[in-house]
Amino acid sequence: RQTQSSNIEQLAEQVVAGDRRALARAITLVESTRPDHRASADALLAQLLPETGKAVRLGISGVPGVGKSTFIEAFGLYLIEQGRRVAVLAVDPSSRRAGGSILGDKTRMELLSRSPDAFIRPSPAGRSLGGVARRTREVLLLCEAAGYDVGIVETVGVGQSETAVAEMVDLFALLLLPGGGDELQGIKKGIVELAELVVVNKADGDMQAAARRAAAEYRSALRMLRPLSADWQVPVLQVSSTEHRGFAEVWAAVQRHREVLGEAGLASRRAAQAKAWMWSEIEEELRSRFAAAPAVAARLAEAEAAVAAGRTTPAAAAQELLGRFLGEAPSRD
Ligand code: GDP
């Protein structure tokens, strides 16, 4: 135990010193499902906590094909030119399907991945969204401790993962195509509502005029969807990720958003996120312990069948199972 805790201390020091291999080892530890690894990971994170929080945390979403990888690679290289160090993480619960994932593709962002000032980590595999999100949050903290001062969290704009990403970043950006005006309708309203920055990608060549039109349409659509906020009106910008245009404007918008939030605003946003994170840890842990408890496991299938068949009410079945979990006699009220 003694050696273990001094090992963790050493690993923490190496991470802070910017040792990439130590960072990779720390991430492997944090992503591990082994209970003893979990204990070490928690110790490591506790030790590194004072070194975290210094990065600009950005979320980026958009449908497959919109150009997320192209944008992140080129924008990342732009930021590195500005003297930044960039970590790119992904939240993609579907990446467990081997080979089927866009975000898991190893050849993505090859140029960026070769930069000593970039660190790219694919989505942790084989978990629920909740599991992927909690590990990604932790990996983001590790990267901050390692001195990466911009953390980009990427997700595919098709499902639930956007909310999870929005809950771990300072600014959530949505990438759109210079398509017709009804493109916004194709994206779930909830996702558009999360966007604090809209970037129309592929504003180049033949698509330049369409991009300008699309940007204007998105601007008015956003105004209808989200009534003008006194604090922050969602900017709609145009970029070309292949021609490396528009990045300065994107970064300026990110900076402006930070100024508008202010230090206190940013701190309270992150405080709320940390509290929500704690509750989701509690929920996940309770749920998995509940399902694994022998007294519950023995009755679970039967209870589900009884509820499905309408032989018992969901509330009564839940009470009975919870009673077993908590070691009480089944509640009869
Ligand atoms: P992702 O699925 O959102 O990660 O999209 P990718 O980054 O893989 O890009 C999808 C396709 O769009 C690729 O063929 C890219 O070369 C292309 N693409 C990405 N950004 C741009 C851009 O700014 N302009 C043009 N013309 N094509 C782009």
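Just so you know, the residues in each chain are numbered from 1, in the order the chain's sequence is written. Restriction of local features to residues with pLDDT of at least 70 applies here, the model being predicted, together with a cutoff of 80 or more for giving and counting side-chain atom pairs; totals for whole chains, interfaces and linings are based on all residues. Hydrogens and waters are ignored; side-chain quantities use all the structure's heavy atoms.

Focus: the pattern of salt bridges
Argument step 1. The rule for a salt bridge is simple: a side-chain nitrogen of Lys or Arg has to be within 4 Å of a carboxyl oxygen of Asp or Glu. Applying the stated rule across the entire model yields 21 salt bridges.
Argument step 2. One salt bridge in this structure joins Arg114 and Glu110, with 3.5 Å as the shortest N-O distance. Taken as a pair, Arg114 and Glu110 lie in helix H5 (residues 110-114) at a separation of four residues, close to a single helical turn.
Argument step 3. The shortest N-O distance in the salt bridge between Arg269 and Glu196 comes to 2.7 Å. Separated by 73 residues along the polypeptide, Arg269 in helix H11 (residues 247-292) and Glu196 in the loop between helix H9 (189-194) and strand S6 (197-200) bring together distant segments of the chain. In terms of burial, Arg269 and Glu196 fall into one category: buried.
Argument step 4. Beyond isolated ion pairs, a larger network of salt bridges with shared partners links Arg38, Asp42, Arg134, Arg135, Glu138, Glu281 and Glu284. Helix numbers and strand numbers start at the N terminus; a helix is a DSSP run of H or I with at least 4 residues, a strand a run of E with at least 2. Buried, partly exposed and exposed residues are distinguished by accessible area as a fraction of the type maximum, computed with a 1.4 Å probe on protein chains only: under 20%, between the cut-offs, and over 50%, respectively.

A word on the sheet that holds strand S1 (residues 56-62)
Argument step 1. In this description, strands pair whenever DSSP reports at least two bridges between them. Strand order in this open sheet of seven strands is S3-S2-S4-S1-S5-S6-S7, and the pairing throughout is parallel. The sheet terminates laterally at strand S3 (118-121) and strand S7 (236-238), the two strands that pair on one side only. Looking at each pair of strands side by side, their axes are set apart by 25° on average, direction ignored.
Argument step 2. Pairing analysis gives three bridges linking S6 to S7, with the strands arranged parallel. Of the residues in S7, the one forming a bridge with Val200 is Gln238.
Argument step 3. In the packing of helix H4 (residues 68-81) onto the sheet, the strands contacted are S1, strand S2 (86-91), S3, strand S4 (150-156) and strand S5 (171-176), and the crossing angle to S4 comes to about 175°. To obtain each axis, a line is fitted to C-alpha atoms, and for helices this fit is confined to the stretch in contact; angles are then taken between N-to-C directions over 0 to 180 degrees. Note on definitions: a residue-residue contact is assigned when non-hydrogen atoms from the two residues lie within 4.5 Å.

Some thoughts on the site of the ligand
Argument step 1. Of all residues adjacent to the ligand, which total 15 residues, the nearest are Lys68, Ser69, Thr70, Asp204 and Ser241.
Argument step 2. Here a polar contact is taken to be a pair of N or O atoms separated by no more than 3.5 Å, where protein atoms must pair a possible hydrogen donor with a possible acceptor and residues adjacent in sequence count only if both atoms sit in side chains. Here Lys68 contributes a backbone N or O atom positioned 2.8 Å from an oxygen atom of the ligand.
Argument step 3. Side-chain polar atom of Thr242 to a nitrogen atom of the ligand: 3.0 Å apart, as the coordinates give it.
Argument step 4. Methods summary: accessible areas were calculated by the Shrake-Rupley approach with a probe of 1.4 Å, and residue burial reflects only the protein chains presented. In the complex, the protein chains occlude 71% of the 580 Å² of accessible area that the ligand would expose alone.
Argument step 5. Each residue gets one of three labels, nonpolar for Ala, Val, Leu, Ile, Met, Phe, Trp, Tyr, Cys and Pro, charged for Asp, Glu, Lys and Arg, and polar for the others, Gly among them. Here the residues of the shell around the ligand are counted per class, giving four nonpolar, eight polar and three charged. Nearness here has a simple test: a residue counts as near a molecule or strand if at least one of its heavy atoms is within 4 Å of that partner.

Re helix H6 (residues 129-145)
Argument step 1. Expected helix span is computed as 1.5 Å times (number of residues minus one). Across its 17 residues, H6 extends 24 Å between first and last C-alpha, which sits within 8% of the 24 Å expected from 1.5 Å per residue.
Argument step 2. Burial of H6 is extensive: 15 of the 17 residues sit out of reach of the surface.
Argument step 3. Gly147, located one to two residues past H6, shows a positive phi value of around 95°.

Observations regarding the confidence of the model for the chain
Argument step 1. Per residue, pLDDT captures the predictor's confidence, and it can take any value from 0 to 100. Put simply, the chain has an average pLDDT of 88, and 89% of its residues get 70 or more.
Argument step 2. Per-element mean pLDDT across the chain ranges from 60 in helix H8 (residues 183-186) up to 97 in H4.
Argument step 3. Contacts of residues 97-102 to residues separated by more than four positions or lying in other chains number six contacts, the stretch itself having pLDDT below 50.

Concerning unusual backbone geometry
Argument step 1. Of note, the phi angle at Lys202 is positive, near 65°, even though the residue is not glycine.
Argument step 2. Within the element layout of this structure, Lys202 appears in the loop between S6 and helix H10 (208-225).
Argument step 3. The class for Lys202 is partly exposed, based on a relative accessible area of 26%.
Argument step 4. With a phi angle near 55°, His244 is a residue other than glycine that sits in the positive phi range.
Argument step 5. Mapping His244 onto the fold places it in the loop between S7 and H11.
Argument step 6. The exposure class of His244 is partly exposed, given its relative accessible area of 48%.

Focus on the packing of aromatic side chains
Argument step 1. Stacked, edge-to-face and tilted are the three classes for Phe, Tyr and Trp ring pairs, Trp counted by its six-membered ring, which pair at centre distances within 6.5 Å; planes under 30 degrees apart are stacked, over 60 edge-to-face, the rest tilted. For the structure shown, the criterion picks out eight aromatic pairs.
Argument step 2. Arranged with centres 5.1 Å apart and planes meeting at 15°, the rings of Phe71 and Phe75 form a pair that is stacked. On the criterion of helical spacing, the pair formed by Phe71 and Phe75 is a turn pair, its members being four residues apart in helix H4.
Argument step 3. Taking relative accessible area as the criterion, Phe71 reaches 1% and is therefore assigned buried.
Argument step 4. Residue class for Phe75 comes out buried when judged on its relative accessible area of 0%.
Argument step 5. Ring plane angle 70° and centroid distance 5.3 Å describe the contact between Phe290 and Phe325, whose orientation is recorded as edge-to-face. Here the residue Phe290 occupies a position in helix H11, and Phe325 occupies one in helix H13 (residues 314-325), the gap between them amounting to 35 residues.
Argument step 6. The exposure class assigned to Phe290 is buried, which follows from its relative accessible area of 19%.

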